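As a plain string of letters, each chain reads:
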Amino acid sequence: MRLGEEGVVPVPDSPHVPADPGPDPAVDESRLEQLISQAQTALPVELPALANQCASALGLGTAQIYLADLQQWLLIPLDEALEPLSVDHSSAGWAYRTVAPRVVDADDGLIVWMPLVDGAERLGVLAVRTASLDGPLMRRSRMLAHLFAMLITSKRAYSDWLAARTRTAPMRLPAEMLRAFLPPRTIGSRRCVSTAVLEPAYDIAGDAFDHSVVKNVLHTMILDGMGHDLTAGLTTSVAMAAARNTRRGGGDLIDVVGSVDQALAQWLPDHFCTGVLCRLDAETGVLRWVNCGHPAPLLIRDDRVLAGALDSPPQPPIGLAGPLFPVARQVHETKLEPCDCVLLYSDGVVEARDENGAEFGLDRFTDFIIRSNAAGQRPAEVLRLLIHAILDYQRNHLRDDATILLFEWCPPNP
């Protein structure tokens, strides 16, 4: 039976699927417990078979795992016999983009495309095949997706195979080194979310981003190292390591900036990077930031950019403070309003040029963010679409690293 355009069942977004009058397949609890225990020591390459076994124990049919590639163009199956799917032009991609289940008609029943999400990070999708679908089976499909999202997150930290499966091109050594330091693309809580992208994915060298949540405080950072070689990547890697070391030791924002200055001056005295470091109190909305020779952050409120809201007097790049620039770093402060967005970016974003030499520009950049946000796109999806638009603008040949980090403060209503 056809159930709408492209065989899409018209109930995927509802959290409660109407009950099916047929029998409720039993759950083999002992078998499921055995499989969950087995999952702890399973090799990453064994996850496809394990997903099928868990689906069967839950009274479902089969389950297939798809992970987003590094640039979020494709959903790549862990089963190497299957073909990748388009993020932009498939039902699986719809589930990934919207972080909502998608149910489609299939020859032998139904396919439930479940997003694989770890916290706020989109990993990919889980394709659950089932002969029929009711409320309990929908919940079990969701539980299965939660389980394998956690498994993938725990195992990808040490699995070269999972990393290799999500690549579509060879990676240069500077990019390999720098990516080893990068956090997940998206992190968040009930009060705030931070998400980032950077290109060229396989050839980055000097740009980097970092974000971390410490209790109710969100720390974010964007860096742009001098040059585009292994040393540039080493510079930003040392900067990130110094910042994390001080954060984890309980240091405040001014301590973090000072430690990065000292680390670069000591270990790489001839190199520096520009950057912006921010600290957002997710309970009060108080934002503190330091701008070290970098483009000023942008504040987006009520679908418009507040011009100059986060501008500050110029300060030297990171690694140059000291005898040449003895003035202490200045920390600036403002209070955000609910649903404010702060945008950090490197100059490679707005300076991207088309074949005629025209820059992508700040206006086009901010307009894209505002229109996508107003259309209801999630922050991670906004940046995915934006970085693809920048790549298209330069025909996939960036002249400089392009990095964007967006964080949003959305406290729950009283």
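Residues numbered from 1 in each chain as written. Predicted model: local features only at pLDDT ≥ 70, side-chain atom pairs only at ≥ 80, totals over all residues. Heavy atoms only, no water.

> Any details on helix α10 (residues 362–374)? Residues and values, ideally.
Over its 13 residues, α10 runs 18 Å from end to end, which matches the ideal 18 Å to within 8%, given 1.5 Å per residue. Listed in full, the buried residues belonging to α10 are F365, T366, F368, I369, I370 and S372. Buried residues along α10 sit in contact with β13 (298–301), β14 (304–305), β16 (340–345), α9 (347–350), α11 (379–393) and β17 (402–409). (Helix = DSSP H or I, 4+ residues; strand = E, 2+ residues; numbered from the N terminus. Expected span 1.5 Å × (residues − 1). Buried < 20%, exposed > 50% of the residue type's maximum accessible area, 1.4 Å probe, protein only. Contact = heavy atoms within 4.5 Å.)

> Help me get a handle on the confidence of the model for the chain, residues and values and all.
When the pLDDT values of the chain are averaged, the result is 89; 92% of them are 70 or greater. Counted against residues more than four places away or in other chains, residues 1–24, with its pLDDT under 50, gives 38 contacts. (pLDDT = per-residue confidence, 0-100.)

> Talk me through the packing of helix α7 (residues 230–248) against helix α8 (residues 253–267); I want residue IDs and the actual numbers.
In the contact formed by α7 and α8, the axes pass within 8 Å of each other and the chain directions differ by 140 degrees. The orientation of α7 with respect to α8, classified from their angle, is oblique. Where α7 crosses over α8, the two elements pack in a sense that is right-handed. Residues T235, V238, A239, A242, A243, T246 and R247 of α7 form the contact with α8, whose own contacting residues are D255, V256, S259, V260, A263 and L264. By residue class, the composition of the contact of α7 with α8 is 8 nonpolar, 3 polar and 2 charged. (Axes fitted to C-alpha atoms, helices over the stretch in contact; angles between N-to-C directions. Parallel < 35°, antiparallel > 145°, perpendicular 65-115°, else oblique. Left-handed = near helix turned anticlockwise from the far one by under 90°. Nonpolar A, V, L, I, M, F, W, Y, C, P; charged D, E, K, R; others polar.)

> Talk me through the pattern of salt bridges; I want residue IDs and the actual numbers.
This model, assessed by the stated rule, comprises 18 salt bridges. R122 serves as the salt-bridge partner of E381, at 2.8 Å between the closest nitrogen and oxygen. You can see E381 sitting in helix α11 and its partner R122 sitting in strand β6 (residues 121–130), a full 259 residues away along the chain. Through salt bridges with shared partners, one network takes in D88, R122, E381 and R384. (Salt bridge = Lys/Arg side-chain N within 4 Å of Asp/Glu carboxyl O.)

> Quick rundown of the sheet that holds β6? Include the residues and the values.
Within the open sheet, the 6 strands sit side by side as β3-β2-β1-β6-β5-β4. Their pairing is antiparallel. One side of each edge strand has no neighbouring strand; the edge strands of this open sheet are β3 (85–86) and β4 (102–106). Alignment of strand β2 (residues 74–77) against β3, held across 2 bridges, turns out to be antiparallel. Across the sheet, the residue bridging to L74 is S86, located in β3. Sheet contacts for helix α4 (residues 135–156): β1 (63–68), β4, β5 (109–118) and β6; angle to β5, the most-contacted strand, approximately 40 degrees. (Pairing = 2+ DSSP bridges.)

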